[in-house]
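Summary of the model geometry
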Amino acid sequence: MENEFRYAPAAVTVDGLFAVPVKIESVTATYAIDAAAKTASATAEMAFTLGLHDGFPVFDLRQTIASATLDGVTISPSDMAHHDFGGGVNAEMRILEHWLIAGTSHLLSLDYALQQPASPNSRGLVWEAGSSRLSFDFFLSDLNPARYLESWLPSSMLWGAFPVTLDISMSGAPAHVLMSNGAVSELGTNHWSIEFPADFAPCSHFLVIEAADRITTQTQNTILPGGQAVSIEVARRTSVSVDLASGAASIAADLVTNTSQIGPYRHGGRYVALLTDPGYHNMEYDGATTTSTGALSHEVFHSWWARGLVPAQGQDGWLDEAWTSYNTGAGGPSATPLDLADPPVTLWPGNPWARTTPGASYGHGASVFSGIAADIGINALQSHMSAIYQSAQRRHYNTPGIEAELIRRSGHMPIADYFERFVYGGDTAQPGAANLHLRDASDDTGTEPYSGTFWLSPDVWVRQAEDGGTSPQSPEFGQDNWLYARVRNRGSATARSFVVGFKLQVWAGTEFVYPGDWFPLTGVAVGFDLAPGASQIVHTRWPAGDIPAEGTHGCLLAMAWCLDDRPVPGRHVWEEDTLAQRNMTVVDLAPNEWEHYALRIGSRYRKFAEFHRLELLRSRTARAVEVQLTHRDPARVEALFRSAERLKTADAPHAAKAKSAILDPGPFLLAGGSATLRPAPGSSLAFVKKSQLWPVGGAQGARLVKSREGGLAIAFDPGPRAGLLIGLLPGQEHHFQLCLRAPKTPPKGGRIDLVQSDREGRAVGGVSYGLGNPEEMEPRQ
């Protein structure tokens, strides 16, 4: 139920009425046209279901209702008046003033005279002077509010989709022809039944009626790439001088090109077109169009972008017009840089009740895509948009979703700046600036650097369902999961829009550096209107096909970005308040069995040779768990074990060449040749005090032992803490397996942390292994 209302506006109180969107299940209607009297009457039944809220249902119909019943009980037409939802002039919706219960289904029956819709620039039934010949066109439009299906039949807004069955009969008229993209059955002379499928949105329906001697038709067949056969049905009014054969050939060529370059044609085996004079209204429908030949390629392209993928709300219509204009405009796709100093433009107002496409979509909207192409390349942009079209799970798209996918696929974060400025109308002239913050821990106020346990951020988590939960869960393989983040604004200005990028590294690591470890992104979420001092949770789908196999353990990274604030390249999570990580591996240890987990120590982005300390910290219930570092190559194990000794004596060739090698181990000394670490006289384990993990105890070390496979392993000493000093070279990463073995009676709960600290005693990386439910494994503060 919730997914069916994904793009619906939220329930809202209007004029004292709690108005709730409803899911229309079906519309069944009859038109009776009396040509002699030049009148028409209509009856319509709308079956609908409420969502998660009790309330007064919202729908629209731009005809004057004469009578009505709700579930068979007569109600007054005045109970269904239009109300202003704030969507703009002429964007009002009807509210059915009968309180209904969430999840219940109902039937609304309406009778009305079929007249010119009460919508701007609409077209009614047009009768030929001195004749009973009719010219009737649904004449839908995205440039005027309330010009979709609601012009003629009860309907929801664009986010809905439902089947329509329409019976049309004419009396007292000569033979007429009905054209439609629905399934048409001729029941007799001037009597038709039209079935529109359940996936048709309110903008999908094409229907034209003309006198048989006032219209000319022609059919041409074509085969699309992949073998799909399509019948192209073209027509023109006899008053229009258009070459139908040429028009059909142009449509066929465009269908082939678009299928090849964008993806599958999703409208079955037909394409229907009424070719008109240039002064007539051009409009796209599902696998159909009413258009002049000059706009034909534009309208055919819309059967992919606009009616293949359908805007979820009226405010999203700018995007398909912009993308279509960009691709089909004179001169073809271009690459012209955008200037963020130019005045802001609002194409997407953030108002779900808006019902028009801005006129600026065609020119300015196309320039947004041209600017993106200037950054990433025309071919790359088209490839990403085609991939979005082909991989779309749902028929509807929304603007933030397209922005997020473009960023995810391209890895080009400035796309967020372009959308902020030239789509969402963000005003950089406002005083102050936004300052985004992802907490490293619950006590993190945003001061940089943070000195606590930063690798278990409470502001980043995974949920197995889109349920809004705030407790972390382990990913569930074989299904969609959801990535969540909580973003705060520490600044003095509102962030009109902001972006959170997620990255899952399928290995645990002690050290992550932006941007290299964040890209390519796993998912992107977009948020809006984050006020100073406020926080907002955003989330994005993690598709089932991208979920790593069961048994995979890793780290979830996140970054926040807006026009005013973004991460500084080269920084670690603890150095940057727009970065966060959740480096938790939840383990289920069997008695006396070794479990292996991929681990990376160090960073390929390290610029200098440095001494670091690996500190193993066991909670009270985990102190009996054995911990080792292993590698299939024993030489690498020994190299890590003795890396500090070699770096100290400059044995490592890369260290000798390093321009600024930091070869002073700081407050730590090597105890003989055992590589056991202990504090130098007068020093302290400063990072432990800063991170406030567990009380400082005796620091045991680590030793080189035989592994169970016959190779070598670094075994950490038992107890609450143990560790060793290591030397890291520029760009050096160690790829190891961290192995855990529980005693005969495995612990119930507890945690093991492997912390990497620098020569100043500051924690620069860490991983956690939770022995239980991840919801219970929060950082200790």
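A brief look at the structure comes next. Quantities reported herein were computed from a predicted structural model and do not represent experimental measurements.

**Observations regarding the overall build of the protein**
Looking only at helices and strands, the protein has 11 helices and 44 strands in total. C-alpha extents for the protein along the principal axes are approximately 110 × 55 × 55 Å. With 781 residues in all, the protein has 56% of them scored as buried. Contacts in the protein between residues at least 24 apart in sequence constitute 73% of all its contacts with a sequence separation of at least 6.

**Some remarks on helix α8 (residues 634-641)**
Residues of α8 that are buried include every one of Val-637, Leu-640 and Phe-641, and no others. What you see down the axis of α8 is that its buried residues fit within an arc of 100 degrees, all on one side.

**Let's talk about the nonpolar core**
Counting residues in hydrophobic clusters, the biggest one holds 77 residues, and the most contacted among them are Leu-255, Trp-305, Phe-369 and Met-385. Once residues within four sequence positions are removed from consideration, Met-385 is found in contact with Trp-305, Leu-319, Trp-323, Phe-369, Ile-402 and Leu-406. Ranked by size, the runner-up nonpolar core spans 63 residues in total, among them Val-22, Phe-59, Phe-206 and Ala-288.

**Looking at the packing of aromatic side chains**
Following the criterion strictly, the structure yields 27 aromatic pairs and no others. Look at Trp-318 and Phe-419: their rings are 6.2 Å apart centre to centre, the planes differ by 70 degrees, and that puts the pair in the edge-to-face class. Here the residue Trp-318 occupies a position in helix α3 (residues 317-328), and Phe-419 occupies one in helix α7 (residues 414-422), the gap between them amounting to 101 residues. The exposure class assigned to Trp-318 is buried, which follows from its relative accessible area of 0%. Overall, the relative accessible area of 0% leaves Phe-419 in the buried class. With centroids separated by 4.8 Å and ring planes inclined at 90 degrees, the aromatic side chains of Tyr-424 and Phe-528 adopt a geometry described as edge-to-face. Note that Tyr-424 is positioned in the loop between α7 and β24 (436-437) and Phe-528 in strand β29 (residues 523-530), a separation of 104 residues in sequence. What makes Phe-528 buried here is its relative accessible area of 17%. Through successive ring pairs, a cluster of aromatic residues spans Trp-318, Trp-323, Tyr-326, Trp-348, Phe-369, Phe-419, Tyr-424 and Phe-528.

**What about the pairing of strand β21 (residues 288-291)?**
Both faces of β21 are covered, namely the face carrying Ala-288 and Thr-290 and the face carrying Thr-289 and Thr-291. Sheet analysis places strand β19 (residues 270-275) next to β21, joined by four bridges and oriented parallel. What sits directly across from Ala-273, in β21, is Thr-289. Summarising the sheet, strand β20 (residues 283-285) and β21 pair through three bridges and their orientation is antiparallel. In the sheet register, Glu-284 faces β21, and the bridge partner there is Thr-289. What sits between β20 and β21 in their antiparallel hairpin is a turn of two residues, with Gly-287 showing a positive phi close to 60 degrees.

**Some details on the pattern of salt bridges**
Taken as a whole and judged by the stated rule, the model has 40 salt bridges. Residue Glu-610 is joined to Arg-606 by a salt bridge in which the shortest nitrogen-to-oxygen separation is 2.4 Å. The same class applies to Glu-610 as to Arg-606, namely buried. Here Glu-760 makes a salt bridge to Arg-759, at a shortest N to O gap of 2.9 Å. Salt bridges here are not isolated pairs; linked through shared partners, they connect Asp-60, Arg-62, Glu-92, Glu-150 and Arg-355.

**Regarding the packing of α3 against helix α4 (residues 364-376)**
Taken N-terminus to C-terminus, the directions of α3 and α4 make an angle of 65 degrees; their axes are 7 Å apart at the nearest point. In this structure, the crossing between α3 and α4 has a hand that is right-handed. Across the interface between the two elements, Trp-318, Leu-319, Ala-322, Trp-323, Ser-325 and Tyr-326 of α3 pack against Gly-365, Ala-366, Phe-369, Ser-370 and Ala-373 of α4. Of the residues belonging to the contact of α3 with α4, the class tally is eight nonpolar, three polar and no charged.

**Considering the sheet that holds strand β18 (residues 229-237)**
Taking strand neighbours across the sheet as the criterion, the five strands line up as β17-β18-β19-β21-β20 in an open arrangement whose pairing is mixed. Strands with a single pairing partner mark the edges of an open sheet, and in this sheet they are β17 (215-223) and β20. Averaged over all pairs of adjacent strands, the angle between strand axes in this sheet comes to 15 degrees, irrespective of strand direction. Most of the contacts of helix α1 (residues 244-261) go to β17, to which it runs at about 35 degrees, and overall it touches β17, β18 and β19.

**Remarks on the environment of Pro-264**
Along the chain, the position of Pro-264 falls in the loop between α1 and β19. Residue classification places Pro-264 among the partly exposed positions, given a relative accessible area of 47%. When the C-alpha atoms of Pro-264 and Trp-461 are compared, they prove to be 36 Å apart, with 197 residues separating the residues in sequence. Beyond its immediate chain neighbours, meaning those up to four positions away, Pro-264 contacts Thr-259, Trp-304, Tyr-389 and Gln-390.

**Things to note about the sheet that holds strand β16 (residues 207-211)**
Strand order in the open sheet formed by four strands is β10-β11-β16-β13, with antiparallel pairing between adjacent strands. Two strands lie at the open edges of the sheet, namely β10 (126-127) and β13 (176-180), each paired on one side alone.

**Topic: α4**
Look at α4: 19 Å from first C-alpha to last across 13 residues, which is about the 18 Å you get at 1.5 Å a residue. At its buried positions, α4 is contacted by α3, α5 (378-391), α6 (399-410) and α7. Just beyond α4, the residue with positive phi is Gly-377, at close to 105 degrees.

**Looking at the packing of α6 against α7**
Close contact between α6 and α7 brings their axes to 9 Å; oriented N to C, the two are set at 155 degrees. With respect to α7, the element α6 is oriented roughly antiparallel. Regarding α6 and α7, the two cross each other, and that crossing is right-handed. On the side of α6, the interface is formed by Thr-399, Glu-403, Leu-406, Ile-407 and Ser-410, while α7 contributes Ile-415, Ala-416 and Phe-419.

**Brief notes about unusual backbone geometry**
The omega torsion of the bond from Tyr-514 to Pro-515 falls at 5 degrees, within 30 degrees of zero and hence cis. Here Pro-515 is to be found in the loop between β28 (508-509) and β29. Here the residue pair Phe-519 and Pro-520 is connected by a cis peptide bond, since its omega of 0 degrees sits within 30 degrees of zero. If you trace the backbone, Pro-520 turns up in the loop between β28 and β29. The backbone of Asn-121 sits at a positive phi, close to 55 degrees, despite the residue not being glycine. Mapped onto the secondary structure, Asn-121 falls in the loop between β9 (105-113) and β10.

**Considering the side chain of Thr-289**
Relative to the elements of secondary structure, Thr-289 occurs in strand β21. Only 2.9 Å separates the side chain of Thr-289 from the backbone oxygen of Met-283, close enough to count as a polar contact. What Thr-289 contacts, discounting residues up to four positions off in sequence, is Phe-206, Tyr-271, Val-272, Ala-273, Leu-274, Met-283, Glu-284, Leu-296 and Glu-299.

**Structural notes on the environment of Ala-35**
Its place among the elements puts Ala-35 in the loop between β2 (17-34) and β3 (39-50). A residue is classified by how much of its surface remains accessible, and Ala-35, at 0% relative accessible area, is buried. Remark: the alpha-carbon pair of Ala-35 and Ser-132, spanning 97 residues in sequence, is separated by 5.3 Å. Not counting the four nearest positions on each side in its chain, Ala-35 is found in contact with Trp-127, Ser-132, Ser-171, Gly-172 and Ala-173.

How each quantity is defined
Residues numbered from 1 in each chain as written. Predicted model: local features only at pLDDT ≥ 70, side-chain atom pairs only at ≥ 80, totals over all residues. Heavy atoms only, no water. Helix = DSSP H or I, 4+ residues; strand = E, 2+ residues; numbered from the N terminus. Buried < 20%, exposed > 50% of the residue type's maximum accessible area, 1.4 Å probe, protein only. Contact = heavy atoms within 4.5 Å. Arc of directions from axis to C-beta. Core = buried A, V, L, I, M, F, W, Y, C linked by side-chain atoms within 4.5 Å. Phe/Tyr/Trp six-rings, centres within 6.5 Å; stacked < 30°, edge-to-face > 60°. Pairing = 2+ DSSP bridges. Salt bridge = Lys/Arg side-chain N within 4 Å of Asp/Glu carboxyl O. Axes fitted to C-alpha atoms, helices over the stretch in contact; angles between N-to-C directions. Left-handed = near helix turned anticlockwise from the far one by under 90°. Nonpolar A, V, L, I, M, F, W, Y, C, P; charged D, E, K, R; others polar. Expected span 1.5 Å × (residues − 1). Parallel < 35°, antiparallel > 145°, perpendicular 65-115°, else oblique. Polar contact = N/O pair within 3.5 Å; in protein donor to acceptor, adjacent residues only side chain to side chain.

No statement about biological role is implied by the geometric values presented.
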